Amino acid sequence: MDSIFTLLASGILEAMQPLNFMMIIIGCTIGLLVGAMPGLGSVNGVAILLPITFLVPPTAAIIFLAAIYYGAMYGGAISSITLGIPGASTAVATVFDGRPLAQSGKADRALIAAAIASFIGGTISVVLFTLFAPPLAAFALKFGPPEEFALMVLAFATFIGLGGDDIPKTIFSILIGLVLATIGLDIISGQPRLIFGDITGFLHGINFLVLAIGIYGIGEMLWTLETTRGEVTVHKVKMSVRSFLASLREIKSYIGTTSLGSVIGYFVGTLPAAGATPASLMSYGLAKTFSSKPETFGKGNVAGVAAPEAGNNAASTGSMLPMITLGIPGSPTTAILLGGMIIWGLRPGPLLFTEHPEFVWGLIGSLYIANFATVLINLAFIPVFVKILTLPFTILAPTIYILCVVGGYAPTQTMHDVWLMFLFGIIGYLLRKLNYPVAPAVLAIVLGPLAERSLRQSLLASQGEMTIFIERPISLVCILLAIALISYPTIQKLIKRRRAQATSGEK
C-alpha cells in the first residue's frame, strides 16, 4: 500500500509539472465543449486533436487526450439538459430526466447535479483504478461471451421489471430496438441483412447517434411544437448562490445510488467493448430500482440525472484499465488513445508499469487533477449554459434543428443518415404520442450488437447448447437476477392484491 501511495504521489507531482498541468486545463476545457456539441463526443474530439499532440512529449500528449476524454464525459450532459439533444451516446440517459427538469425551470439544479455526480463518479473510479487495478483486470479477463450476454440480458430485464411503464409496450420497444440493431452486415457470414432492397446506406448499420439525435432532438422539437401550438414559453431560470447551495443540499438524496452506480459503471467500463453508454443506462436503471418514488423518473427526478452521469464518468476511467494493463481498449476513445501510445513508442500491457512507471502514474495522477479541474470549470460555466434557455424559441428551435442536422451528418458524413435522422424524429414523436417508452428501444440498439455477438460466439463454442449460460457461475448469477427482475412486477401485484384482500376482510 505504501508503495502505491508513493507512486501516486510521484504521479501527481508529474502531472503538476507546468506543461502537463497546462495540458490538463486546456484538455478539460476543450473536452467540455466537444462533449456539449451534438454529434461530436469524445471519440471525434480525441481523433481530431491527436495530430496536435506530436508537438509535446508523450506523457503530456496522453495526459492532454485523457483530459479531453474526461471533459467530454462531463460536457455531454450540457446539451442533453439544455436542448434535449445528447452530446454523445453516453449522455442519452441524462435526457430522460434532465430535459424535463430544464423545461420546468430547474436547469440549474440538473446541471449542478450532473457536475457533482460526474465528480463523484470520477473520484470513485480513479480511487478504484489506483487501488484495485490488478485484481479488477484479472476479473475482467473472466468475462467471456456467455458472461457478456448474461450481462446484456440483465440490462434489458432492468427496464422490463423496473421501468414503471406498461410492460408489453416496454417489451415491444426493446424488440424494435433489437431489430434496428441487426440492420447492416451479418457479424459472422458478412452477408447484408435488412437493407430494404439494396439501399447501400444501410450496409454500415444504424448509427446510434443518428437514432439518438433524431428521437431526442427532432422528435422532442415536434412534440414541443404540437403541445404548445408554436407558442413556446421559455422558462426563466435564475442562477444564484441560494439555488446553488440548495442544489448542494440535494446531494444526500442521491449520493447512495450514485456511488453504487459509479462502482458498477467503473466495472462495466473495464469490460472490453462495453463502454460508458451501457454503464450510464445501467446506473440509471439502478437509481430507479432503489428509488422510493420510481414513478417520478422520466418526469424530472434529479437522481435520474446524477446516476447516468456518475456511471459514464466512472466507465470512462474504467475503460482505461484494460487499455493500460492488457493493451485492449475498453471503448472507442481508448482505442484512439491506444493508437497514440503505440505511435509514441509506448507498448500497453503489464510491462508498462515497470518499464515506464513515470508515464503510467503521471497519467493516473492527471486523472485526479482533471477531475477537480473539470468540475470547477463546469460549475463556473453553468450560468452561461442556463442562459441558453432564455433565448426566444424562434431562435432556439432553428438552432436545435441545425445542431441536429450537423450531428446526424458528422458520424458518417452521408445524407442517408440525415434523412434517417428525420425519420427517427417522426418515429420518436409518434412513440411519445402513443405513450410508448423510448428509452428501452435506445438501450436495445446500443446493447443489441454486443448481445448478438456474445450470444452467437457462446452458441458456436457450445455447439448450440443453451446450457452454457447456466454452467458458468458469473453468467448464472446474471441470468438469475434477470429472472428475478422480470418477475418483480408480478410478485408486487400479488402482494398488493393480498394486502387489499386482507384489508377488505378486516372491514
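Above this text sits the structure in question.
About the thresholds
All chains use their own residue numbering, which begins from 1 and follows the written sequence. Given that the model is predicted, a residue must reach a pLDDT of at least 70 before its local features are reported, and side-chain atom pairs must reach 80 or more before they are shown or counted; all residues, however, enter totals for whole chains, interfaces and linings. Side-chain metrics rest on all non-hydrogen atoms present in the structure, leaving aside hydrogens and water. Secondary structure counts use DSSP, requiring at least four H or I residues in a row for a helix and at least two E residues in a row for a strand, with both numbered from the N terminus. Burial classes follow relative accessibility: with a 1.4 Å probe on protein chains only, a residue under 20% of its type's maximum area counts as buried, one over 50% as exposed, and anything between as partly exposed. Any two residues whose heavy atoms approach within 4.5 Å are treated as being in contact. Throughout, an axis means a line fitted to C-alpha atoms (over the contacting stretch in the case of helices), and angles, computed between N-to-C directions, take values from 0 to 180 degrees. Each crossing gets its handedness from the near helix: less than a right angle anticlockwise from the far helix is left-handed, clockwise is right-handed. Here a salt bridge means any side-chain nitrogen of Lys or Arg lying within 4 Å of a carboxyl oxygen belonging to Asp or Glu. In this analysis, the expected span of each helix is defined as 1.5 Å times one less than the number of residues it contains. Oblique is the label for any angle not under 35 degrees, not over 145, and not in the 65 to 115 range, which are roughly parallel, roughly antiparallel and roughly perpendicular in turn. The directions considered for the arc run from the helix axis to the C-beta atoms. By nonpolar core we mean a set of buried residues, namely Ala, Val, Leu, Ile, Met, Phe, Trp, Tyr and Cys, connected to one another through side-chain atoms within 4.5 Å. In summary, the pairing rule links any two rings of Phe, Tyr or Trp, Trp by its six-membered ring, whose centres are within 6.5 Å, and it sorts them by plane angle into stacked for under 30 degrees, edge-to-face for over 60 and tilted for everything else. Only lysine NZ and arginine CZ atoms are considered, and such an atom sits over a ring when it is within 6 Å of the ring centre and within 35 degrees of the ring normal. Residues form patches when they are more than 30% accessible in relative terms and have no salt bridge. Like charges link within 9 Å. Nonpolar side chains (Val, Leu, Ile, Met, Phe, Trp, Tyr) link within 5 Å. Surface accessibility follows the Shrake-Rupley procedure with a 1.4 Å probe radius. Residue values consider only the protein chains on display as shielding.

Participant: Just checking my understanding: could you explain the overall build of the protein chain for this structure?
Facilitator: For the protein chain, the helix and strand inventory stands at 22 helices and two strands. Here the protein chain, with 507 residues, has 54% of them falling under the buried criterion. The long-range fraction of contacts in the protein chain, counting pairs at least 24 apart against all pairs at least 6 apart in sequence, stands at 79%.

Participant: What is the right way to read the packing of helix α12 (residues 276-290) against helix α13 (residues 303-318) from this model?
Facilitator: When two helices pack together, their arrangement is captured by the angle between the axes and the distance separating the axes. Contact geometry of α12 with α13 gives a least axis separation of 7 Å together with a crossing angle of 145°. The hand of the α12/α13 crossing is right-handed. Across the interface between the two elements, Ala-276, Ala-279, Ser-280, Ser-283, Tyr-284 and Ala-287 from α12 touch Ala-303, Gly-304, Ala-307, Pro-308, Gly-311, Asn-312 and Ala-315 from α13.

Participant: It is not clear to me how the pattern of salt bridges should be interpreted in this structure. Could you clarify?
Facilitator: Pairing between side chains becomes possible if they bear opposite charge and their charged atoms approach one another. Within the structure shown, the criterion is met by five salt bridges. The closest approach of N and O atoms between Arg-193 and Asp-186, which form a salt bridge, is 3.2 Å. On the basis of relative accessible area, Asp-186 is assigned to the buried category, the value being 12%. For Glu-452, the salt bridge identified is with Arg-456, shortest N-O distance 3.1 Å.

Participant: Can you walk me through the environment of Ser-291 in this structure?
Facilitator: Here Ser-291 is to be found in the loop between α12 and α13. Expressed as a C-alpha distance, the spacing of Ser-291 and Ser-253, which sit 38 residues apart in the sequence, is 9.6 Å.

Participant: For this particular structure, what's the right way to read α12?
Facilitator: The periodicity of an α-helix, 3.6 residues per turn, causes residues three or four positions apart to be oriented the same way. Here α12 contains 15 residues, and its C-alpha end-to-end distance of 21 Å stays within 8% of the 21 Å for a straight helix at 1.5 Å per residue. Burial analysis of α12 places 13 of its 15 residues in the buried class, which makes it a mostly covered element.

Participant: When you look at the packing of helix α11 (residues 251-270) against α13 in this model, what are you seeing that I'm missing?
Facilitator: For the pair α11 and α13, the least separation of the axes is 7 Å and the interaxial angle reads 30°. One finds that α11 runs roughly parallel with respect to α13. In this structure, α11 crosses over α13, and the sense of that crossing is right-handed. Note on element contacts: α13 touches α11 through Ala-303, Ala-306, Ala-307, Ala-310, Gly-311, Ala-314, Ala-315, Thr-317 and Gly-318, opposite Tyr-254, Thr-258, Gly-261, Ser-262, Gly-265, Tyr-266, Gly-269 and Thr-270.

Participant: In this structure, what is going on with helix α8 (residues 167-181)? I would like to understand it.
Facilitator: In this model α8 runs 21 Å from its N-terminal to its C-terminal C-alpha over 15 residues, within 8% of the 21 Å that 1.5 Å per residue would give. Those residues of α8 lying buried are Thr-170, Ser-173, Ile-174, Gly-177 and Ala-181. In a view along the axis of α8, the buried residues occupy a sector of 95°, so they form one face of it.

Participant: What is the right way to read the nonpolar core from this model?
Facilitator: Burial of nonpolar side chains together is a common tendency in soluble globular proteins. Within the largest apolar cluster, 131 residues are counted, with the highest numbers of intra-cluster contacts made by Leu-65, Ile-81 and Met-421. Apart from residues lying up to four places away in sequence, Ile-81 is in contact with Thr-94, Gly-98, Arg-99, Ala-102, Ala-107, Ala-110, Leu-111, Ala-114 and Val-305.

Participant: When you look at the environment of Tyr-436 in this model, what are you seeing that I'm missing?
Facilitator: Residue placement: Tyr-436 occurs in the loop between α19 (415-433) and α20 (439-462). Given a relative accessible area of 26%, Tyr-436 falls into the partly exposed group. Between the C-alpha atoms of Tyr-436 and Pro-168, which are 268 residues apart in sequence, the distance is 9.7 Å.

Participant: I'm lost on the side chain of Asn-312 in this one. Help?
Facilitator: For Asn-312, the position within the fold is in helix α13. Using a relative accessible area of 0% as the deciding quantity, one classes Asn-312 as buried. Look past the residues within four positions of Asn-312 in its chain and what remains in contact with it is Met-73, Thr-90, Ala-276 and Ser-280.

Participant: Just checking my understanding: could you explain the packing of aromatic side chains for this structure?
Facilitator: To describe a pair of aromatic rings, you give the distance between the ring centres and the angle between the ring planes. Taken as a whole and judged by the stated rule, the model has eight aromatic pairs. Seen in terms of ring centroids, Tyr-70 and Tyr-74 are 6.4 Å apart; in terms of plane orientation they differ by 35°. Their pairing is tilted. With Tyr-70 and Tyr-74 both in helix α4 (residues 58-82), this residue pair falls four residues apart, about one helical turn. The exposure class of Tyr-70 is buried, given its relative accessible area of 1%. Both rings, one in Phe-196 and one in Phe-202, keep their centres 5.1 Å apart while their planes meet at 50°; by these two values the pair is tilted. Here Lys-169 stacks its cationic end above the ring of Tyr-436, 5.0 Å away from the centre of that ring.

Participant: Mind showing me how you'd approach a nonpolar patch on the surface here?
Facilitator: Together, Leu-222, Ile-426, Leu-430 and Leu-434 give the surface a local cluster of nonpolar side chains, amounting to about 340 Å² of exposed area. Relative to the helices and strands, Leu-222 is located in helix α9 (residues 208-228). Relative accessible area serves as the criterion here: at 33%, Leu-222 is assigned to the partly exposed category.

Participant: Is there a simple way to think about unusual backbone geometry in this case?
Facilitator: It is generally the case that most residues other than glycine have a negative phi and that most peptide bonds are trans. The backbone of Leu-194 sits at a positive phi, close to 50°, despite the residue not being glycine. Within the secondary structure layout, Leu-194 lies in the loop between β2 (192-193) and α9. Looking at Leu-194, the relative accessible area reads 43%, which means it is partly exposed. In this structure, Gln-463 is a non-glycine residue whose phi angle is positive, near 60°. Mapped onto the elements of the fold, Gln-463 is located in the loop between α20 and α21 (468-471). Taking the relative accessible area as the measure of exposure, Gln-463 reaches 75% and is therefore exposed.

Participant: Explain the environment of Ser-10 here, please?
Facilitator: With respect to the helices, strands and loops of the structure, Ser-10 is situated in helix α1 (residues 2-15). When its relative accessible area of 38% is taken as the criterion, Ser-10 is described as partly exposed. In sequence terms Ser-10 and Pro-357 are 347 residues apart; their C-alpha atoms lie 9.7 Å from each other.

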